[in-house]
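Here is how the chains run, residue by residue.
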Amino acid sequence: MELAHHYSFRVGNMKLIYAIEDFKSKGGNLSKLVVTLLEQYFFGDLDIKTASKDLVELRKIKNGLEEWIRKGKEYFSKVIELEDRMLKKVEEEAAEQEKELVDDLKNLFSEVINEGVESFINTAQKIGREPKDLIYVRLNDWAIRNNISIVEAERLLLKAIPEFESILR
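Residues numbered from 1 in each chain as written. Predicted model: local features only at pLDDT ≥ 70, side-chain atom pairs only at ≥ 80, totals over all residues. Heavy atoms only, no water.

Asks: Lay out helix 1 (residues 14-25) with the relevant residues and their values.
Replies: Under the 1.5 Å per step criterion, the end-to-end length of helix 1 is 16 Å for 12 residues, consistent within 8% with the ideal 16 Å. Looking at where helix 1 begins, the residue whose side-chain oxygen comes 2.8 Å from the main-chain nitrogen of Lys15 is Asn13. Downstream of helix 1 by one or two residues, Gly27 has phi in the positive range, about 90°. (Helix = DSSP H or I, 4+ residues; strand = E, 2+ residues; numbered from the N terminus. Expected span 1.5 Å × (residues − 1). Polar contact = N/O pair within 3.5 Å; in protein donor to acceptor, adjacent residues only side chain to side chain.)

Asks: Describe unusual backbone geometry, naming the residues involved and giving the relevant values.
Replies: Backbone geometry at Asn147 places phi at a positive 55°, although glycine is not the residue there. Mapped onto the secondary structure, Asn147 falls in the loop between helix 6 (131-145) and helix 7 (150-160). A residue is classified by how much of its surface remains accessible, and Asn147, at 71% relative accessible area, is exposed. (Buried < 20%, exposed > 50% of the residue type's maximum accessible area, 1.4 Å probe, protein only.)

Asks: An account of the packing of helix 3 (residues 53-108) against helix 6 is needed here, citing residue identities and associated values.
Replies: It is the contact of helix 3 with helix 6, at a shortest axis distance of 12 Å, that shows an interaxial angle of 140°. Note on packing geometry: the crossing formed by helix 3 with helix 6 is right-handed. On helix 6, the residues touching Leu101, Asp104, Leu105 and Leu108 of helix 3 are Arg138, Leu139, Trp142 and Arg145. Of the residues in the contact of helix 3 with helix 6, the class split is 5 nonpolar, no polar and 3 charged. (Axes fitted to C-alpha atoms, helices over the stretch in contact; angles between N-to-C directions. Left-handed = near helix turned anticlockwise from the far one by under 90°. Contact = heavy atoms within 4.5 Å. Nonpolar A, V, L, I, M, F, W, Y, C, P; charged D, E, K, R; others polar.)

Asks: Provide a residue-level description of the side chain of Glu154, including the pertinent values.
Replies: One can find Glu154 in helix 7. Once you skip the residues sitting within four places of it in the chain, Glu154 turns out to touch Tyr136, Leu139, Leu168 and Arg169.

So this is what it looks like as structure tokens:
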């Protein structure tokens, strides 16, 4: 005569409840699974021959997921590394391009740099023009040739010749 005891337990974790309900809906024997897990807990490693098919499948899935997670972390680290290298390269190229544009603007306004902003302002006034207008005529043509906005061109010009700040503002 087999001595059996009945136990009941309460499950308060919704994730676990959904998993149990899914297991039961697929024909799983919850009592057998719980007994097998309790044997594992109290008496050590399961003998695969006595374990339920579901537990064996669960272990395979778990091992597969652990491997997938390990690989995912590996790939994620590589993605971050590549992204960082690519961003650094893009930033370096942008900085180099900006330097070239600033140097080009310095060439465009070389006489202002050589003679000084005050001299430029005086010359503009002598010919009856506003210094700001003379700057923008050249700057606009330069912006069109370099396919950049006038706002960006002005920002670069102020990097090239910060003294123009008082004229342009």
